[in-house]
Amino acid sequence: MSGTTGPTSCRLATAIVAAMAGLNVDALVDLRRSTAPVATARQIAMYLAHVGLGLSQAGVAQAFRRDRSTVAYACRRIEDLRDDPAFDHRVAQMEACLRWATER
């Protein structure tokens, strides 16, 4: 990850996930409770920032204005959902996009 900071990487992860999920970025960063598709997309963005880019859970939590335990839950949930091959493929595509963007 050359030259990107935690918050910048989290914003980039959020933008990639929102675009691929057909959602508005603002919905993913809203502090209010969200519908299931928005919440899952937010969890994917948190997961990608932590697992895909190696940011700490505390750093991801701060960038998303959430608690660290929320990030931990998101990572566990996405790992569980990755047992579905179609879901795993979608997440892998987002992860590849994020890695490509942060290697620039």
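Please read these numbers as outputs of a predicted model, since none were measured by experiment. (Residues numbered from 1 in each chain as written. Predicted model: local features only at pLDDT ≥ 70, side-chain atom pairs only at ≥ 80, totals over all residues. Heavy atoms only, no water.)

Student: Is there a simple way to think about the nonpolar core in this case?
Tutor: Taken as a class, soluble globular proteins show a tendency for nonpolar side chains to be buried jointly. Core analysis: the biggest nonpolar cluster contains 27 residues, and Val17, Ile44, Leu48 and Val60 have the highest contact counts within it. Of all the secondary-structure elements, those providing two or more residues to this core are α1 (6–21), α3 (36–52), α4 (57–64), α5 (68–81) and α6 (85–102). Sort the elements by how many residues they give to this core and α3 lands first, with eight residues. Not counting the four nearest positions on each side in its chain, Val17 is found in contact with Leu28, Ala41, Ile44, Ala45, Leu48 and Met94. (Core = buried A, V, L, I, M, F, W, Y, C linked by side-chain atoms within 4.5 Å. Buried < 20%, exposed > 50% of the residue type's maximum accessible area, 1.4 Å probe, protein only. Helix = DSSP H or I, 4+ residues; strand = E, 2+ residues; numbered from the N terminus. Contact = heavy atoms within 4.5 Å.)

Student: Help me understand α5 in this model?
Tutor: Counting along an α-helix, one turn takes 3.6 residues, and residues three or four places apart therefore face a common direction. Its 14 residues place the ends of α5 20 Å apart at the C-alpha level, agreeing with the 20 Å of an ideal helix rising 1.5 Å per residue. All of the buried residues in α5 are Val71, Ala72, Ala74, Cys75 and Ile78. Buried residues in α5, looked at end-on, bunch into an arc of 160°, giving them a common side. For α5, the exposed residues lying more than 90 degrees away from the buried face are Arg76 and Asp80. The inward-facing, buried residues of α5 contact α3, α4 and α6. (Expected span 1.5 Å × (residues − 1). Arc of directions from axis to C-beta.)

Student: I would appreciate a short explanation of the side chain of Arg66 in the present structure.
Tutor: Along the polypeptide, Arg66 turns up in the loop between α4 and α5. Buried within the structure, Arg66 lacks any salt-bridge partner; its nearest side chain of opposite charge belongs to Asp30, at an N-O separation of 6.7 Å. Among the polar contacts listed, one links the side chain of Arg66 to the backbone oxygen of Asp30, at a separation of 2.8 Å. Separated by 3.0 Å, the side chain of Arg66 and the backbone oxygen of Phe64 make a polar contact. Not counting residues up to four positions away in its chain, the partners in contact with Arg66 are Val29, Asp30, Leu31, Arg42, Met46 and Ala61. (Lys, Arg positive; Asp, Glu negative; His and termini not counted. Salt bridge = Lys/Arg side-chain N within 4 Å of Asp/Glu carboxyl O. Polar contact = N/O pair within 3.5 Å; in protein donor to acceptor, adjacent residues only side chain to side chain.)

None of the figures reported here should be taken as evidence of function without further support.
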